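Per-entry structural report
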Amino acid sequence: MTTTTLDALLASSTWTRQLTDAQLDRVRFDMAVRPFAAGTTVCARATPSAHWLGVMDGMLKLENITEAGKSSTFASVPAGAWFGEGAVLKGEPRPYEVVALRDSAVAFLPRSSFMWLLEDSHPFALWMVGHLNARLGHFVAMVQNQRLGDITAQVAYGLAGLFHSDLYPSTERRITLSQEEIGRLCGLSRQVVNRTLQELQERGALRLSYGSIEVTDLDVLKAIARGG
DNA sequence: ACATTAACGATGA
DNA sequence: TCATCGTTAATGT
């Protein structure tokens with residue numbers, strides 16, 4: 001997805017569809033857009049969760065870093081996705097670091113506007129319930145995948161997750177992530193990911209290239225993620 | 001067994 | 001030149 005403008009991002013986001021013109025006008029007015037270079041921090045961990053975030057362009061990751069300096073990515077967020085509602089709703093500091101994986105543009109909706117919209121628009125509140133439910137389902141499935149699946153299923157799930165139709169509605173087939181980053185996303189070493197990606201390529205799910213992969217058969221990838 | 005880290009050379013941008 | 005990839009060896013659980 002290449003939403004070069006805020007209007008394009010809002011137009012392609014399902015949650016705007018049932019807002020009144022006045023509500024959408026206020027949202028657009030309150031929203032700020034900022035660019036981030038690859039590798040820079042979008043939101044530091046443990047800082048106030050002052051915004052709900054939308055990815056206009058690029059790709060972000062949500063990660064936690066241990067005292068020893070090891071990082072674990074629990075979600076990669078492609079363009080077109082909205083996230084961070086959990087921390088905003090709880091009014092708690094952000095429990096994870098948000099980092100730009102590539103040059104990215106991020107839209108920020110202030111917490112006050114977000115809370116207002118939640119009260120002012122019943123359809124938006126319902127959409128948010130569905131969004132949270134989708135997120136919960138995704139992570140429940142992820143736990144199951146890790147407990148019951150093999151390594152191949154684990155990598156397939158990590159990649160297929162980027163195509164979750166509710167959470168990440170407009171992910172491009174070509175995923176510009178290094179194997180190192182895919183490893184962080186799947187909780188596996190780069191070497192194992194390298195071997196597994198080659199297997200997924202043999203099985204016709206994707207095609208490997210330098211610095212990116214192209215998912216050529218999402219159904220196959222999802223089937224493998226379920227334990228095929 | 002099988003994953004992890006470390007290390008190496010090869011190669012693409 | 002630097003990041004990334006593919007591979008191997010040593011090590012740990």
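What you see is a predicted model, and the numbers here were worked out from it, not measured in a lab.

1. Some thoughts on the layout of surface pockets
- By volume, the largest pocket amounts to about 340 Å³.
- For the largest pocket, the lining is made up of 16 residues, of which Ala141, Tyr157, Lys222, Ala225 and Arg226 are closest to its centre.
- For the lining of the largest pocket, the secondary structure elements donating two or more residues are α5 (122–148), α6 (151–160) and α9 (218–225).
- With five residues, α5 is the single largest residue contributor to the lining of the largest pocket.
- A per-class count over the lining of the largest pocket returns six nonpolar, eight polar and two charged.
- Its volume calculated, the second largest pocket comes out at about 280 Å³.
- Surrounding the second largest pocket, 17 residues form its lining, Glu85, Gly86, Ala87, Tyr96 and Arg135 being those nearest its centre.
- Going through the elements one at a time, β5 (71–78), α3 (85–90) and α5 are the ones with two or more residues in the lining of the second largest pocket.
- Considering each element in turn, the lining of the second largest pocket owes the most residues, five residues, to α3.

2. Brief notes about empty space enclosed by the protein
- One pass over the full model with this rule turns up one cavity of 30 Å³ or more.
- Of the volumes computed, that of the largest cavity is approximately 80 Å³.
- As for the largest cavity, its lining consists of Phe74, Ala75, Ser76, His138, Met142, Tyr157, Gly158, Gly161, Leu162, Tyr168 and Leu185.
- Those elements that provide at least two residues to the lining of the largest cavity are β5, α5 and α6.
- Partitioning the lining of the largest cavity into residue classes produces seven nonpolar, four polar and no charged.

3. Let's talk about the protein's contact with DNA strand C
- Around DNA strand C, the neighbouring residues are Ser178, Gln179, Arg190, Gln191, Asn194, Gln198, Tyr210 and Gly211.
- The sugar and phosphate moieties of DNA strand C supply 55% of its atoms located within 4 Å of the protein.
- Within the side chain of Gln198, a nitrogen or oxygen atom sits 3.2 Å from a phosphate oxygen of DNA strand C.
- Contact between DNA strand C and Tyr210: a base nitrogen at 2.7 Å from a side-chain N or O atom of the residue.
- Take the surface near DNA strand C: its biggest share by element is four residues, from helix α8 (residues 190–202).
- Each residue belonging to the surface near DNA strand C can be placed in one class, and the counts come to one nonpolar, six polar and one charged.

4. Some remarks on the pairing of strand β3 (residues 51–57)
- In terms of residue burial, β3 counts as a mostly covered element, since five of its seven residues are buried.
- Looking at chain direction, β3 and strand β8 (residues 104–110) are connected through six bridges and run antiparallel. Looking at the pairing, His51 lines up with Pro110 of β8.
- Pairing geometry for β3 and strand β6 (residues 82–83), over two bridges, is antiparallel.

Each value, and the rule that gives it
- Residues numbered from 1 in each chain as written.
- Chains lettered and ligands numbered in written order.
- Predicted model: local features only at pLDDT ≥ 70, side-chain atom pairs only at ≥ 80, totals over all residues.
- Heavy atoms only, no water.
- 1 Å grid on protein atoms, 1.4 Å probe; cavity = no way out; pocket = protein on both sides within 12 Å on 5 of 7 lines; lining within 4 Å.
- Points joined across faces, edges and corners; volume = space filled by probe spheres on them.
- Helix = DSSP H or I, 4+ residues; strand = E, 2+ residues; numbered from the N terminus.
- Nonpolar A, V, L, I, M, F, W, Y, C, P; charged D, E, K, R; others polar.
- Near = heavy atom within 4 Å.
- Polar contact = N/O pair within 3.5 Å; in protein donor to acceptor, adjacent residues only side chain to side chain.
- Buried < 20%, exposed > 50% of the residue type's maximum accessible area, 1.4 Å probe, protein only.
- Pairing = 2+ DSSP bridges.

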